[in-house]
Amino acid sequence: MDFWSRLIGGSRSLSTKSFRATSPTERLAAFKRTCNTLQQIWRSTNTPSGDQSATTHARNSVDRLISVLSDESRGPAPHPCLAYASSSQIFVTVTKLALSSYDDAMLRSATVFFNTLIDSEVDGVVDNRLFARALVDLVRRADKSSEDVEGRLVELLFGVANNIRLQPDILPAWFAPRGEEDGERQNSSGAEFAGATRKDDFPLFYLLVEYVHHAGRAGDFARTGLLYLIETASRSNALERWLIDSDLATLMATGLGALYSQLGSLTFTETPEEKVPAIIALSDHGNQYTALPPSLGVTMDSFMSYLLFWQDTIDHCKSAEVNGTLLDHFQVLFLEQLLYPSLLESSDVQGGSTAAVLTYLYRILESIDQDDLVHRILHFLLASPTGFESTPVGKGVDMSVSRRKSLDVLAAFSEEAARPSPSLFNLRDLALLGMQSANRQTVLATLRLMAVVLQRHHTFARSLIRTIPGQPAKQRTVGALNAELRQFLGMATSILDEPTLDDSFENYLKDASLIVESHLCLPPAEDDDPEEDIPFEIKQDDPIVEELLNCLDNFFTNSVIVNLALTEVLMSIASSHLLSLDGWLLVDPAKYKYGHQDTENEQTNVLDQIQLAYEEPAWSKSDTPTLTGVLKGLVKKLHQWRKDIPDFDILVAARRDLLHHGDKPATTSSGAPRHSMPPTDRAVRSAPLDDLGSPRGRSSRPLAQHSVGSSPRRATVGAPPVGYSDHSPPSRDSSASRVTAAEELRKRLAQPFHLDQPNKTSSPEEQAPDQEEETQAEGEEDKDESAIADEEPQVSTLGHVLTNVVILYEFLLEVSAMVQARGTLFDEAGFPHMEY
């Protein structure tokens, strides 16, 4: 107790003439009289609930005890009343009265009384087995219809768990494991794994487990208290052995599985128009459910809370044996018996459940960062060759008899259940089917899942994206890197020539450098072999890579949200330190063609070698990387549209200006801008995808702090970005003409845009019925999207195409920045060996 609080408490007691001003002897005498009163109330009637006056009298007496104990605990020693409460075992009488009264007020007073004794830290209370039995009986048998009473009771359990964590020597009062002979007898009977016979060993533990799933105050106290008990296992061999032998791991794994089983299909709530990000609203699919974030509901929140409790448990537990037991049960009872079968049984029929289970898996991998849990999940689902076997017994690992016994029970349990193996169908196969799906929501969920694996858990990048063994990346010269960068920046500037290009690229370069630097701080990928941590070339015939390129080839007809997720996946691959860019994004250095091929064999001085390092090579068209070839094809289409549409450049610039409208510099109270910030891709790509709960929920770009805030109803979407002045108010005629021009532009942007024949448009008479049909189709959410795609595979609105053009432009800048960052920080570009 703090010295000053004791001194203040003592001076206060001397300055008053109340009951608290009496001497310790008088205070003890009054305390004993109150205890005797409670004993008389209990002896006089065994059913105080039938006598309201007796209940009130008992509650008032308990409140007086609390007042005396609280005042005495704040004062200096001695503490005779606290010592008498322990020796007289008055807490047993309080428990009996509270349970027999069936009165919430009496229960509240009893919980405060027990809390006061726990906080007093007096010998003979928390370390008393009779006190432990009285408290357990109170919590176990009390009427918990009131949420407040329930929270107070679980708080008592938390207080005891906290005391055990701080003083492990009081554990025997609460934990009494059965003898070895009884344990062998129960084990031979086969009832041990069910856990029914273990509650008497550690009732405090099981009471906390009962409330782990609860929300609110009770659940928080229960989860934290249970973590404290598990943490104590590292300082008590008996408790460690008991946790392994008990059904702790079984209860936790089955509880997690029960919450997962309650998850239903995805639901989509209507989002107000003003809250839809501009980049989504300015597309053909702005009002469709595929462009809106799914509502996962309260059940998903409960599941994620319990999963995070699993993560905290593994982190707090210092016992490797207990951790191993928990992870074994997590794999067998949750991964093998529930999560993996749900992935297999998902279906795309009429929307199906594939999108739902992929979204749930994406949320799991996005939320947890505990290495052991992540490795168990991805090693198993990806059927990684370095993963654990179906029976989670580590090879050559020394373990206790208790854990081996637990593993034997788990192995017997898994053998009885018919379970499929990821070696036949794993997460890669599911991702491939998801990419090939005709359901747009399934494609989107697949891309998000791939992005979160490649971004947050990219040590598994080569398990998801196949590489060529023995083909590490080769270093290119500085001149070769400059030539590659010139190519990508040339494609970007051919789309849009903006004056702030240098500033935009600099912002992208900062973001890319942070991502690459974070990869350099990671441990080796999956093996101890240092060669496994170097980048290998991607297999060009990998089906997943081919599907990504096919999706990119349809860039202009894809929905905006799919393109945002697609470019996120491609950038995640480009940033991985395990995957080479050669042959996929950059030309293989062995295929570069220089003007003087024989100079390398000639004896040249250092200056000549430096000049050769800066020489920019050329390469044949047949050596163009696969991804780069698709990007060139998209840019080529833009060049054709520029010939067919005279004002195409103006429309693209205006659309980008509209999308970056929310990225304008902040102004002070005087209206002057605080600083100049060039518009970047952060507003166009990062913010909307983050808002929709995408793989960028935990942004891989720490610098990206801006968001899209522009309104989709801006009228001057197609106005030229230059040559406009608002210093003088426009005349009424000019205002009317602008409104007319804006309306005509809006109609033009909503017209069908034939990608193969840009000049082909429909007359207003032909468009009217189409608009009516589109209105009727908004309510038909179950219509097959593949049928829609078959009807008009190459038709979008002009506004939708313009939005995707802006996304492509920003993507090319982002790719260029990543190539430069990798070349510098991964040492993928430099100078050849020089002889001095």
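Keep in mind the model is a prediction, meaning the values are calculated, not measured. (Residues numbered from 1 in each chain as written. Predicted model: local features only at pLDDT ≥ 70, side-chain atom pairs only at ≥ 80, totals over all residues. Heavy atoms only, no water.)

1. What about the overall build of the protein?
Inference 1: Helix and strand counts for the protein stand at 34 helices and 6 strands.
Inference 2: Taking all 836 residues of the protein together, the buried fraction comes to 51%.
Inference 3: A total accessible area of about 38700 Å² is found for the protein, and carbon and sulfur atoms account for 50% of it. (Helix = DSSP H or I, 4+ residues; strand = E, 2+ residues; numbered from the N terminus. Buried < 20%, exposed > 50% of the residue type's maximum accessible area, 1.4 Å probe, protein only. Areas by Shrake-Rupley, 256 points an atom, 1.4 Å probe, with all protein chains shown as cover.)

2. Remarks on the nonpolar core
In summary, soluble globular proteins display a tendency toward joint burial of nonpolar side chains.
Inference 1: Grouped together as the largest cluster of nonpolar side chains are 220 residues, with contacts concentrated most on Phe113, Trp174 and Phe303.
Inference 2: Shared between two domains, this core holds at least three residues of each, these being domain 1 (264-389 + 400-464) and domain 2 (473-524 + 531-594 + 606-661 + 797-830).
Inference 3: Apart from the residues within four sequence positions on either side, Trp174 is in contact with Val126, Phe131, Ala132, Leu135, Val136, Val160, Ile164, Asp201, Phe202, Pro203 and Leu204.
Inference 4: Residues Ala483, Val587, Tyr594 and Trp619 belong to the second largest nonpolar core, which totals 6 residues. (Core = buried A, V, L, I, M, F, W, Y, C linked by side-chain atoms within 4.5 Å. Domains from an automatic or database assignment. Contact = heavy atoms within 4.5 Å.)

3. Observations concerning the state of the cysteines
Inference 1: What the rule picks out here adds up to 0 disulfides.
Inference 2: Just so you know, Cys35 is unpaired, no disulfide at all, and the nearest cysteine sulfur is the one on Cys81, 8.4 Å from it.
Inference 3: With a relative accessible area of 3%, Cys35 lands in the buried category. (Disulfide = S-S within 2.5 Å.)

4. Quick notes on the packing of helix H6 (residues 104-120) against helix H8 (residues 147-166)
Inference 1: Put simply, H6 and H8 touch, their axes get as near as 10 Å, and they point 15 degrees apart. One finds that H6 runs roughly parallel with respect to H8. Read as a crossing pair, H6 and H8 show a hand that is left-handed. On H8, the residues touching Asp104, Leu107, Arg108, Thr111, Val112, Phe114, Asn115 and Ile118 of H6 are Asp148, Val149, Arg152, Leu153, Glu155, Leu156, Gly159, Val160 and Asn163.
Inference 2: A class-by-class count of the residues in the contact of H6 with H8 yields 8 nonpolar, 4 polar and 5 charged. (Axes fitted to C-alpha atoms, helices over the stretch in contact; angles between N-to-C directions. Parallel < 35°, antiparallel > 145°, perpendicular 65-115°, else oblique. Left-handed = near helix turned anticlockwise from the far one by under 90°. Nonpolar A, V, L, I, M, F, W, Y, C, P; charged D, E, K, R; others polar.)

5. Observations regarding the pattern of salt bridges
Inference 1: Taken as a whole and assessed by the stated rule, the structure comprises 20 salt bridges.
Inference 2: For Asp148, the salt bridge goes to Arg152, with nearest N and O atoms at 3.1 Å. With Asp148 and Arg152 both in helix H8 and 4 residues apart, the pair spans about one turn of that helix.
Inference 3: Residue Asp623 is joined to Lys591 by a salt bridge in which the shortest nitrogen-to-oxygen separation is 4.0 Å. Taken as a pair, Asp623 in the loop between helix H27 (606-614) and helix H28 (626-644) and Lys591 in the loop between helix H26 (560-575) and H27 lie far apart in primary sequence, 32 residues in all. (Salt bridge = Lys/Arg side-chain N within 4 Å of Asp/Glu carboxyl O.)

6. Describing the confidence of the model for the protein
Regions with low pLDDT carry predicted coordinates that are not meant to be interpreted in detail.
Inference 1: Scored by pLDDT, the protein has a mean of 77; 70% of the residues are at 70 or more.
Inference 2: For the protein, per-element mean pLDDT is lowest for helix H1 (residues 3-15), which scores 37, and highest for helix H25 (residues 543-553), which scores 96.
Inference 3: Within the model, the stretch residues 1-21 combines pLDDT values under 50 with 20 contacts to residues more than four positions away or in other chains.
Inference 4: Low pLDDT, under 50, characterises residues 183-197; the predicted model gives this stretch 20 contacts beyond four residues in sequence or across chains. (pLDDT = per-residue confidence, 0-100.)

7. Overview of unusual backbone geometry
Inference 1: Residues other than glycine seldom take positive phi values, yet Gln89 does so here, at roughly 55 degrees.
Inference 2: On the secondary structure map, Gln89 appears in the loop between helix H4 (80-88) and helix H5 (90-101).
Inference 3: The class of Gln89 is partly exposed, set by a relative accessible area of 33%.
Inference 4: Positive phi values are uncommon outside glycine, yet Glu121 reaches one of about 60 degrees.
Inference 5: Here Glu121 is to be found in the loop between H6 and helix H7 (129-141).

8. Things to note about the packing of aromatic side chains
Inference 1: The tally for this structure, following the rule as stated, stands at 26 aromatic pairs.
Inference 2: With a centroid separation of 6.1 Å and an interplanar angle of 85 degrees, the aromatic rings of Phe113 and Phe114 are classed as edge-to-face. For the pair Phe113 and Phe114, one class covers both residues: buried.
Inference 3: An aromatic cluster is built from Phe91, Phe113, Phe114, Phe131 and Trp174, whose rings are joined through pairwise contacts.
Inference 4: Between the NZ or CZ atom of Arg165 and the centre of the ring of Tyr228, over which it lies, the distance is 4.1 Å. (Phe/Tyr/Trp six-rings, centres within 6.5 Å; stacked < 30°, edge-to-face > 60°. Lys NZ or Arg CZ within 6 Å of the ring centre and 35° of its normal.)

9. Topic: helix H15 (residues 297-316)
Inference 1: For H15, with 20 residues, the first-to-last C-alpha span of 29 Å sits near the 28 Å given by 1.5 Å per residue.
Inference 2: Close packing links the buried residues of H15 with helix H11 (216-232), helix H13 (248-261), helix H16 (320-345), helix H17 (354-367) and helix H18 (371-381). (Expected span 1.5 Å × (residues − 1).)

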